[in-house]
Amino acid sequence: MAEELKLKSIKVSKLLEIDENQNFLMGFEVLAGGAGLDKDITCPEINRPGLTLSGFMEHFASERIQVLGRGEVAYIEKLISDNETENIENFFKYDIPVCIVTHGQSIPQYVMDFADMRSIPVLRTKQSTEKFIALITTILEDLFASYVVFHGNFVSIYNIGVMILGPSGIGKSESVLGLVERGHKFISDDMVRVKKLRTPSGFELKGEPYVDYGPYIEIRGIGIINVSQYYGEGRVLNFEHLGLVVNLIEWRSDYNYDRLGMEEKYQNILGLDIPMKEIPVSSGRNVPLLIEVAAYREVMRRLGYNSAEELERKVINFMKKERELE
Amino acid sequence: MKQVSVTISNEYGLHARPASLLANTASQFTSEIRIVKEGKEVNAKSIMNLLLLAAGKGTVILVSADGSDESDALEAIRFLIEERKFDEK
């Protein structure tokens, strides 16, 4: 099993990159301290430095992203106009990774000069403080989430994230191509990052490309194919919640495959049990079709249906009736 | 070809789980294995075939095997049905 990993830090510039990928939802602008864009953010939390600016330095979480909302900016302006800039100077003595000003506010030149001098980047977002905090918290939790990397493929079938695992050459990529052709969505070929994310009801796993060069897939005998060019942008997704693991295995006549589907098998990933199906591969078996049915079966399972149990009830009832007739 | 008569003796008869056990047991042999109940004849390696029999408790079935490992196959199936009772009551 792959080992559990976690990012220790991200560069401040990563935030700008993410903003660009999200169509400038934050609309980040660098106001000052541009020389510090390669500083590390090591902590997935934010801090509002009201107490620090008012002179109370104890427990100042200086390693966090500092958010300057309307209150903080108004207070800074007041401190400057009252000529009481000591707290601002003290604030900038800390090794702060980045300050982010919300509501598209401007900040006094005095503060910008300090930021430049200390190479502490100051970014501005057009978002309101509460919206910004909600957005950045989600982004940081995602970036700093625990993850494992699998050698396998990831597709979305009926909104269920399906990770396809199996030895090299068993036909994982070919299966993915078959699934995309059947209308399902490509997420990653060959390497998958599975992240553990917090949700209101606990945790869930999310699968995404390990490195996002784009939707490329390698098919033996054909070469590399760009899935969105060949099948359309609509057949590609950036991520999906992991709902099913499919292990493709070589067909063996002496192996007892699950023939009923009455008992669920699970694979434990990052402490969560994910439904798992072992699908034996042999010539004449349409593997994309089988994976699609396995995913549909997972949809039905969530709705409480199980064909094997249904048949079982009918057979037992039938046998009972026969006995009563005798 | 060899044959043996066995009596289903577990409470719920040849329902899905026992059928799966029986089909898996039969599949481990290369012999062709058939089961007959009251004139209905089915392939012992197929779960869906076995369920068609609807063989309840007390039913006598005739198991026949044809092939190089026919004796072993019949003994394994007899043992599963009569002695292990499909690991059920």
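Summarised in this report is the structure supplied together with it. Note that the coordinates shown come from a computational prediction; the quantities given were computed from them, not determined experimentally.

### Some thoughts on the interface of chain A and chain B
Phase 1 of the analysis: Of the residues lining the interface, 13 residues belong to chain A; the matching set on chain B comes to 22 residues.
Phase 2 of the analysis: In total, chain A and chain B occlude about 1400 Å² of area from one another, counting both sides; carbon and sulfur atoms represent 58% of this.
Phase 3 of the analysis: When the area that chain A buries against chain B is broken down by residue, the three leading residues are Arg259(A), Leu260(A) and Met319(A), summing to 39%.
Phase 4 of the analysis: On inspection of chain A and its partner chain B, the count reaches one salt bridge.

### Brief notes about unusual backbone geometry
All names here are of chain A.
Phase 1 of the analysis: The backbone phi angle of Phe24 is positive, close to 55°, even though this residue is not glycine.
Phase 2 of the analysis: Counting through the fold element by element, Phe24 comes out in the loop between helix 1 (12-21) and strand 2 (29-32).
Phase 3 of the analysis: Classification of Phe24 as partly exposed rests on a relative accessible area of 45%.
Phase 4 of the analysis: Backbone geometry at His103 places phi at a positive 60°, although glycine is not the residue there.
Phase 5 of the analysis: Residue classification places His103 among the partly exposed residues on the basis of a relative accessible area of 28%.

### Some details on helix 7 (residues 172-181) of chain A
Residues and elements named next belong to chain A.
Phase 1 of the analysis: The element helix 7 is extensively covered by neighbouring structure, given that eight of its 10 residues are classed as buried.
Phase 2 of the analysis: Along helix 7, the residues that are buried comprise Lys172, Ser173, Ser175, Val176, Leu177, Gly178, Leu179 and Val180.
Phase 3 of the analysis: A positive phi of about 105° marks Gly183, the residue just after helix 7.

### Let's talk about the side chain of Asn247(A)
Residue and element names in this part refer to chain A.
Phase 1 of the analysis: Secondary-structure assignment places Asn247 in strand 15 (residues 240-250).
Phase 2 of the analysis: At 3.2 Å, the side chain of Asn247 forms a polar contact with the side chain of Gln267.
Phase 3 of the analysis: Those residues within four positions of Asn247 in sequence are excluded, and the remaining contacts are Leu165, Gln267, Met276, Lys277, Glu278 and Ile279.

### A look at the packing of aromatic side chains
All names here are of chain A.
Phase 1 of the analysis: Enumeration according to the criterion identifies seven aromatic pairs over all chains in this entry.
Phase 2 of the analysis: Plain terms: the ring middles of Phe60 and Tyr94 are 4.8 Å apart, the flat faces sit at 90° to each other, and that makes the pair edge-to-face. Here the residue Phe60 occupies a position in the loop between helix 2 (50-53) and strand 5 (65-68), and Tyr94 occupies one in the loop between helix 4 (86-91) and strand 6 (99-101), the gap between them amounting to 34 residues.
Phase 3 of the analysis: With a relative accessible area of 10%, Phe60 lands in the buried category.
Phase 4 of the analysis: With a centroid separation of 5.1 Å and an interplanar angle of 70°, the aromatic rings of Tyr158 and Tyr296 are classed as edge-to-face.

Scoring rules and cut-offs
- Residues numbered from 1 in each chain as written.
- Chains lettered and ligands numbered in written order.
- Predicted model: local features only at pLDDT ≥ 70, side-chain atom pairs only at ≥ 80, totals over all residues.
- Heavy atoms only, no water.
- Contact = heavy atoms within 4.5 Å.
- Buried area = accessible area lost by both parts, 1.4 Å probe.
- Salt bridge = Lys/Arg side-chain N within 4 Å of Asp/Glu carboxyl O.
- Helix = DSSP H or I, 4+ residues; strand = E, 2+ residues; numbered from the N terminus.
- Buried < 20%, exposed > 50% of the residue type's maximum accessible area, 1.4 Å probe, protein only.
- Polar contact = N/O pair within 3.5 Å; in protein donor to acceptor, adjacent residues only side chain to side chain.
- Phe/Tyr/Trp six-rings, centres within 6.5 Å; stacked < 30°, edge-to-face > 60°.

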